[in-house]
Amino acid sequence: MFTNLIKHSIRSFKRQRAYIVINILGLSIGIACSLLIALFILNELSYDKFNTKKDNIYRMVLNGKIGGQELTVAYSAAVIGPTMVKEVPEVQDFLRMNGVGPTTIEYNKQTFTEDNIVEADSSFFNFFSIPVIKGDRDNLLNAPRKAVLSETIAKKIFGKENPIDKTIKIGSDTALYTISGVMGDVPENSHFAAAVITSFMTNPGSKNPTWLSNSFSTYLMLKPNTSYKTVDAKLPEMIVKYVGPELQKYMGVSITDFAAKGNKYRFYLQNLKEVHLDPSIQQQFKPAIDPKYLKIFGSIAILIILIAAINFMNLATAQASRRAKEVGIKKIGGSSRGALITQFLSESFILSFVALIIALIFIRLSLPYFNNLLGSHLVLNLFIAWYAVPVLILFSLLVGLLAGSYPAFYLSSFNPYEVLKGSVKNSMKNGWLRRVLVVFQFTISILLIIGTLVMYRQIKYMLNKDVGFNKEQLLVINRADALGARVESFKDAVRGVPGVVNIASSTAVPARNNNDNGYSMEGRKDENFLMQTNWVDYDYLETYGMKIVAGRSFNKSYTTDNAACILNESAIKNFSITDFSKTRFMVPGDSGKIEYVPVIGVVKNFNFESLRNPIQPYILRFKTDHILWGYITVRLSGKNVSSAISGIEAKWKEFIPNSPLQYYFIDADFEHMYVQEKQNAQMAVIFSILAIFIAALGLFGLTSFTVEQRTKEIGVRKAMGSTIAGIYVVISREVIILVSISALFAWPVIYYIATKWLEGFYYRINLEVFSFFAGFTIALGIAVVTISYRIMRAAQVNPAQSLKYE
């Protein structure tokens with residue numbers, strides 16, 4: 001029976017070559033797009049599932065609110081992990097991690113630059129299942145100045161030499177680190193990247209007992225069969241016990257009064273597997289992905305498959321009059337309806353399976369480009385698990401069933417008597433279902449086009465918006481700490497480089513903020529204020545082109561400026577400061593005494609973080625000589641940039657001979673903040689084009705069939721004097737009407753979706769009528785171009801030949 005089905009299917013395929021090619025091509029592209037999106041989604045969902053053996057690992061998250069300013073960050077104090085293990089029985093172990101940032105490694109008079117150096121406790125390899133290739137697993141990070149290298153970095157630095165017990169110099173630290181082990185490379189689908197791990201206890205901050213000093217990431221391993229809710233419930237008591245006295249000491253307020261004023265300070269646990277899918281939490285490692293994009297692209301995958309399946313339905317039902325005689329003869333010959341349904345579904349399954357094979361080839365060829373676009377490492381491995389191939393075959397069968405079920409039941413329902421009379425052929429001319437399906441296809445296409453246009457307009461707006469300073473030609477040097485106390489000397493030397501306009505040092509730069517600090521205000525001691533803090537020198541505002549709107553900037557003529565500050569407009573507004581010149585903030589000094597920080601000026605608001613967020617209160621404090629860490633920013637003229645950079649590098653080598661200059665440009669860094677949006681917009685463009693192409697394929701097939709059915713009508717119209725243009729209008733009118741109806745359905749849907757998406761950006765575009773009409777115009781243009789060739793060709797045929805057509 002199966003052999004007969006195959007034979008019938010092959011004979012049927014030979015009679016429908018053109019339509020089968022269109023169907024297979026449409027299904028192949030649809031399946032390929034869906035599988036590519038599925039690979040992308042599964043990769044994002046698999047973060048941290050392959051590099052840990054346990055489900056009981058949690059990250060500590062701080063949620064604080066001071067003076068109306070709220071933040072949620074994956075930072076905690078160094079002391080909290082050890083205290084949790086000591087006082088909470090449900091906690092089995094702790095791990096603290098800290099990203100060091102771009103740093104140099106020196107070995108055997110060679111210098112290497114490494115971006116992914118992480119400090120971690122000795123428990124790291126108990127938390128994460130990263131294999132230890134060389135070294136004693138239990139003693140890798142159990143002492144200061146120990147380092148573990150990834151396999152790739154070990155080969156890069158040492159080649160075939162055994163690195164164990166060799167020493168290297170990391171960054172500006174004069175003391176050497178001993179290589180205690182070599183580990184496997186950290187998987188790409190991990191929320192952190194680590195090529196080198198050094199012992200956390202090397203960091204002087206590892207012994208900091210202050211609970212309010214939150215600078216590190218802390219992870220907890222709970223004991224088996226322990227609910228994280230049990231641990232969460234004990235955290236408020238610990239906050240009262242340890243944070244309460246510090247609030248009283250540093251801010252002069254009890255924790256009860258602190259909370260009564262609407263402030264909050266709490267920790268909670270987040271499962272490790274949720275880390276990559278929660279962008280609401282600020283973190284020091286890889287940025288999280290917004291789950292809404294996974295939903296968007298998951299929906300696109302389903303819609304593309306539906307478009308491809310609709311093509312199959314449309315073309316199959318459109319050819320019903322062709323196959324009606326075949327159905328009638330088979331029924332008269334004794335075939336049951338069930339046998340016919342089985343035959344038609346078999347044809348659908350075969351086409352779907354062939355389309356799957358072609359789709360897999362397409363994915364294999366396009367995956368490198370897709371990975372380059374996303375900056376990911378997706379792999380098509382059909383043998384990664386025993387169920388991979390069966391799932392693909394099942395997916396192919398489901399697509400075949402979706403595409404072929406309606407045509408199978410429809411074609412098998414023909415009455416032999418009606419077929420032989422020709423009634424079926426006449427009834428097929430109505431084709432109301434095909435019209436509905438075409439409207440559905442183009443509704444999806446218009447949705448994707450408009451959605452893509454909106455995404456690109458928003459990205460363009462974010463990249464071009466005035467951010468409150470001139471971000472062009474700003475070169476930022478990492479690792480100012482490498483210069484030590486010679487920062488001012490280095491600045492003086494760089495000023496003499498041709499092409500250098502100005503130079504400044506600071507502890508933070510826009511897009512790379514690192515300090516949220518709480519302050520009290522003189523005269524308002526019962527209130528507390530949270531601000532992003534940046535310690536800057538005299539040249540900072542001028543270098544960045546920031547504008548003082550009231551008061552003045554830091555000035556060497558005023559010796560008291562080293563204890564002063566400048567606020568942004570948001571701080572003045574949010575804190576209801578009426579006269580900034582009479583405002584002084586209070587902070588705890590190193591000696592324990594309260595220090596007063598007078599406000600000397602107000603800087604115009606500038607975007608120091610993503611345009612997704614509103615501009616929060618920001619304070620610029622003076623960077624004294626004992627603050628060595630941070631960045632150096634150089635303003636270039638824009639002429640002979642490469643020559644200027646070479647000059648800066650030469651000056652850097654004079655100060656630090658064995659360490660390469662590490663730098664980046666602010667405008668490129670700002671653009672990188674929106675890399676996720678840019679990648680998603682590019683993906684949307686690609687899948688929109690493919691979806692429209694599939695819909696156009698189907699429309700081309702339908703138009704070919706329509707022209708074929710109306711050949712005699714075209715001949716009669718030409719014989720009666722109709723022009724080619726007149727015939728074109730008659731045939732194309734229906735398609736234009738259907739695409740117009742599609743736009744009416746698509747517009748309200750995409751308006752709702754786009755509005756919801758834009759709500760994720762504080763600074764956003766307005767939805768303009770242009771985008772909606774542009775989407776309709778593009779779809780209509782593609783539809784018209786698709787059908788034009790077939791209609792024009794038919795309209796040019798000699799009427800005498802058309803009238804003879806059967």
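For the structure, check the block above.
From a predicted model like this one, the values you see are computed outputs, not experimental measurements.

Visitor: Please provide a residue-by-residue account of the overall build of the chain, values included.
Guide: Secondary structure assignment for the chain yields 24 helices and 24 strands. Residues counted as buried form 52% of the 806 residues belonging to the chain. Total accessible area on the chain is roughly 36500 Å²; 58% of this is exposed by carbon and sulfur atoms.

Visitor: I'd love a proper account of the packing of aromatic side chains, names of residues and values included.
Guide: With the rule as written, the count across this model stands at 33 aromatic pairs. Note on Tyr 519 and Phe 585: the rings are 5.8 Å apart at their centroids and 65° apart in plane angle, and the pair reads as edge-to-face. Within this pair, whereas Tyr 519 is found in strand E16 (residues 516–521), its partner Phe 585 is found in strand E20 (residues 584–588), the two being separated by 66 residues in sequence. Each of the two residues, Tyr 519 as well as Phe 585, counts as buried. Consider the rings of Tyr 762 and Tyr 763, whose centres lie 4.9 Å apart with planes at 75°: the pair is edge-to-face. For Tyr 763, a relative accessible area of 17% corresponds to the buried category. Within the aromatic cluster, the residues linked to one another by ring pairs are Phe 469, Tyr 540, Tyr 544, Phe 606, Phe 608, Tyr 618 and Phe 670.

Visitor: Describe the packing of helix H15 (residues 487–495) against helix H18 (residues 641–655), and please don't skip the residues or the numbers.
Guide: Look at H15 against H18: their axes get within 9 Å of each other, and the N-to-C directions meet at 145°. Read as a crossing pair, H15 and H18 show a hand that is right-handed. Along the contact surface, H15 presents Ser 489, Phe 490, Ala 493 and Val 494, while H18 presents Ile 648, Lys 651, Trp 652 and Phe 655. Classifying every residue of the contact of H15 with H18 by side-chain character gives six nonpolar, one polar and one charged.

Visitor: Requested: an account of the pairing of strand E11 (residues 196–199), with residues and values cited.
Guide: As judged from the four bridges shared by strand E6 (residues 117–120) and E11, these two strands associate in the parallel manner. Each residue of the ladder has a partner; that of Val 118, found in E11, is Ile 197. Sheet topology places strand E8 (residues 146–150) next to E11; three bridges connect them, and they run antiparallel. Note that in E11 the partner of Leu 149 across the bridge is Val 196.

Visitor: I'd like to hear about the nonpolar core, residue by residue, with values.
Guide: Phe 40, Phe 370, Phe 469, Tyr 544, Leu 620, Phe 687 and Val 739 are the most contacted members of the largest nonpolar core, which has 109 residues in total. Leaving out residues up to four positions away in the same chain, Phe 370 has contacts with Leu 36, Phe 40, Leu 378, Met 683 and Phe 687. If you look at the next biggest cluster of nonpolar residues, it comprises 30 residues, including Val 73, Val 88, Trp 211 and Leu 530.

Visitor: Break down unusual backbone geometry for me, with residues and values.
Guide: Negative phi values dominate among residues other than glycine, just as trans dominates among peptide bonds. Phi at Arg 145 is positive, roughly 60°, even though this residue is not glycine. Residue placement: Arg 145 occurs in the loop between strand E7 (132–134) and E8. One non-glycine residue, Ser 576, lies in the positive phi region at around 55°. Among the structural elements, Ser 576 can be located in the loop between helix H17 (569–574) and E20. Relative accessible area serves as the criterion here: at 52%, Ser 576 is assigned to the exposed category.

Parameters and conventions
- In this convention, every chain numbers its residues from 1, walking through the sequence in written order.
- Where local features are concerned, this predicted model is filtered to residues with pLDDT of at least 70; where side-chain atom pairs are given and counted, the filter is 80 or more; whole-chain, interface and lining totals use all residues.
- Excluding hydrogens and water, the side-chain values take into account all heavy atoms of the structure.
- Each helix is a run of H or I in the DSSP string that is no shorter than four residues. Each strand is a run of E no shorter than two, and both are numbered from the N terminus.
- Each residue gets one of three labels from its accessible area relative to the maximum for its type: buried under 20%, exposed over 50%, partly exposed in between, using a 1.4 Å probe on protein chains only.
- Areas reported as accessible are Shrake-Rupley estimates using a 1.4 Å probe. Residue values count occlusion only from the protein chains shown.
- Ring pairs are drawn from Phe, Tyr and Trp, using the six-membered ring of Trp, whenever the two centres fall within 6.5 Å, and their geometry is named by plane angle: stacked under 30 degrees, edge-to-face over 60, tilted for the rest.
- Comment: axis = line fitted to C-alpha atoms, over the contacting stretch for helices; angle = value between 0 and 180 degrees taken between N-to-C directions.
- Throughout, a crossing is termed right-handed when the near helix is turned clockwise from the far one, and left-handed when it is turned anticlockwise from it by less than a right angle.
- A contact between two residues is defined here by any heavy atoms of the two lying within 4.5 Å.
- Residue classes follow a fixed rule: Ala, Val, Leu, Ile, Met, Phe, Trp, Tyr, Cys and Pro count as nonpolar, while Asp, Glu, Lys and Arg count as charged, and any other residue, Gly among them, counts as polar.
- Two strands are counted as paired when DSSP detects at least two bridges linking them.
- For our purposes a nonpolar core is just a set of buried Ala, Val, Leu, Ile, Met, Phe, Trp, Tyr and Cys residues, chained together by side-chain atoms within 4.5 Å.

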